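Coordinate inspection notes
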Amino acid sequence: MRIVLGVCGGIAAYKAVGLARLLVEAGHEVQAIPTAEALRFVGRVTWEAITGRPVTDSVFDDAAEVRHVRLGREADLVVIAPATASTIARLAAGIADDLLGNTVLTTRAPILLAPAMHTEMWEHPATRRNVAILRERGVVLVGPASGRLTGTDTGPGRMSEPEQIFAAIRDAAARRTPDARWNDGGDEDDDAGAAVDAADRPLGGVRLVVSAGGTREPIDPVRFIGNRSSGRQGVAIARAAAERGASVELVAANVESAVLEELDGAPEVRITPVGTAAELQAAMEAAAAAAAIVIMAAAVADYRPAGVSPGKIRKADHPDAPPTIELVQNPDILRGLVARRQPGQTIVGFAAETAESEEELLGLGRAKAERKGADLLVVNRVGWTEGFESVRNAVRVLDRSGEPVLRAEGSKREIAAALLDLLGR
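Reading guide: rules and limits
- Residues numbered from 1 in each chain as written.
- Predicted model: local features only at pLDDT ≥ 70, side-chain atom pairs only at ≥ 80, totals over all residues.
- Heavy atoms only, no water.
- UniProt positions renumbered as here; feature names shortened; annotations may be inferred.
- Helix = DSSP H or I, 4+ residues; strand = E, 2+ residues; numbered from the N terminus.
- Contact = heavy atoms within 4.5 Å.
- Areas by Shrake-Rupley, 256 points an atom, 1.4 Å probe, with all protein chains shown as cover.
- Pairing = 2+ DSSP bridges.
- Axes fitted to C-alpha atoms, helices over the stretch in contact; angles between N-to-C directions.
- Core = buried A, V, L, I, M, F, W, Y, C linked by side-chain atoms within 4.5 Å.
- Buried < 20%, exposed > 50% of the residue type's maximum accessible area, 1.4 Å probe, protein only.
- Arc of directions from axis to C-beta.
- Right-handed = clockwise from strand over helix to strand, strands pointing away.

As annotated in an unreviewed UniProt entry, the protein carries the name Coenzyme A biosynthesis bifunctional protein CoaBC and is attributed to Leucobacter weissii. In its Function (unreviewed entry) section, the UniProt record describing the protein reads: "Catalyzes two sequential steps in the biosynthesis of coenzyme A. In the first step cysteine is conjugated to 4'-phosphopantothenate to form 4-phosphopantothenoylcysteine. In the second step the latter compound is decarboxylated to form 4'-phosphopantotheine."

Here it is, written out as structure tokens:
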């Protein structure tokens, strides 16, 4: 493929060198278009040495051949990595004030962006709106990831790794037909293209909220009551739903950044971090108010300490006997969501159970399905070596009456796909 690689002025520009090398080694013809700011991070000679092609950021170079038009027309794919907040805003507004902006406006090739910026910039309403505009035009986003940023900062906004972006490009190439073009207006094949897009994005326009992870109820500043849920199943559901076109909010209860990185390369998922059951309840109720599908995959602590010690509880302070921790019951979040159900809303619950047999597991699931009232209840066996902290899962899905409607085993991504298929989406 003939690939235009746009590089914007961010510290992550150095990663784009590795991406360019991967593309060239895979046999692609790569034309780098760094912005003037990007050239302050990685020089022109580096790009020319890696791609074997001359590099400029100006529309005035090679003006006789109208270079920006030629590059846009000849490109099979345009990749911008890193894509800064400023560039995303320019693309959304259709501003063409440099060679990269002009090339994007003249191309009809698919466009793929790998955003990179600080968390505050990524989460700013203006950036969110600009991203939504580009998505509506068919632009594909890879990342951003959550992790180390510049300085000592960490959070969402880190550019996906070159290997992940390369994989997304490879997938785009595999799906591409010889005449595939982005933003072709008035073509006689528009209806067929729309049908394919609808098949690929059956959740297009649907708002979905899913919880993941496990709540932690503090005893003192250093200890808590919790569980071993990694959050992988909820994260897998969020990824699968986003790939099917849904607008997804992931309410993440103590999910480690390494697990959240499994969202890298997927369409955007809004992440709301929470800690306790009370925080999870508030976040889920707020998100569910506007969601068509609500999935409660997080493991919630049934009890919390009646009081939290302001300082660490020390053995030396209790020489005669260990302290007594009084527990109180946490709210039933799933039942609360069912009670506040919006018209036409689908609610799915999860139940992690220990059981000696299939019959016992289904019996526990039926009883819980009756108590909770959700449309579907996903029951999975957990133990020391299964369910929690595993990349695989085995589930039984029951309907509201407690009747089994699905049995699935495999990776948690496969379970997520099976569940969304069951929802008819």
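Bringing the overall build of the protein into the picture now. Counting secondary structure elements, the protein contains 15 helices and 19 strands. Intrachain contacts of the protein at a sequence separation of at least 6 include 70% that bridge at least 24 residues. Only carbon and sulfur atoms are counted for the fraction: they give 50% of the accessible area of the protein, which is about 20500 Å².

The next point concerns the sheet that holds strand β17 (residues 376–381). Spatially, β12-β11-β8-β13-β16-β17-β18-β19 is the arrangement adopted by the eight strands of the open sheet, whose pairing is mixed. The two strands at the open ends of the sheet, each matched to only one other strand, are β12 (269–274) and β19 (404–411). Each neighbouring strand pair of the sheet contributes to a mean axis angle of 15°, computed without reference to strand direction. Of the strand pairs in this sheet, strand β8 (residues 207–213) and strand β13 (residues 293–296) are connected by four bridges, and their pairing is parallel. Directly across from Val210, in β13, lies its bridge partner Ile295. In the packing of helix α10 (residues 232–243) onto the sheet, contacts are made with β8, β11 (247–253), β12, β13, β16 (346–353) and β18 (392–399), and the angle to β8 comes to roughly 160°.

Here we take up the nonpolar core. Counting 36 residues, the largest nonpolar core has Leu208, Val210, Val248, Leu250 and Ile295 as its most contacted members. At seven residues, α10 tops the list of elements feeding residues into this core. If near-sequence neighbours (up to four positions away) are discounted, Val210 is found in contact with Gly234, Ile237, Ala238, Val248, Glu249, Leu250, Val251, Ile295 and Ala297. Within the second largest apolar cluster, 30 residues are counted, among which are Leu19, Ala20, Val42 and Phe166.

Bringing the environment of Ile133 into the picture now. Structurally, Ile133 can be placed in helix α7 (residues 125–136). In this structure Ile133 comes out as buried when scored by relative accessible area, which is 18%. Along the backbone, Ile133 and Ala89 are 44 residues apart, and their C-alpha atoms lie at a distance of 9.7 Å.

Every buried residue belonging to helix α4 (residues 85–93) is among Ala85, Thr87, Ile88, Leu91 and Ala92, and all of these are buried. All buried residues of α4 lie within an arc of 165° about the axis, which places them on one face of the element. Positive phi appears at Gly94, one or two residues downstream of α4, with a value of about 75°.

This part is about the UniProt feature "binding site: CTP" (unreviewed entry) in the protein. When the UniProt feature table is mapped to this numbering, "binding site: CTP" (unreviewed entry) covers Asp302, Lys312, Pro331, Asp332, Ile333, Leu334, Phe350, Lys368 and Lys372. What makes Ile333 buried here is its relative accessible area of 4%. Once residues lying within four places of it in the same chain are set aside, the contact partners of Ile333 are Ala277, Leu280, Gln281, Met296 and Val300. With respect to the secondary-structure elements, Phe350 resides in strand β16.

Let us now look at the pairing of strand β2 (residues 29–34). By the criterion of burial, β2 is predominantly enclosed, with five of the six residues buried. Two elements, strand β1 (residues 2–7) and β2, share six bridges in a ladder whose sense is parallel. If you follow Leu5 over to β2, its bridge partner there is Ala32. The β-α-β motif built from β1, the intervening helix α1 (residues 13–25) and the parallel element β2 has right-handed crossover chirality.

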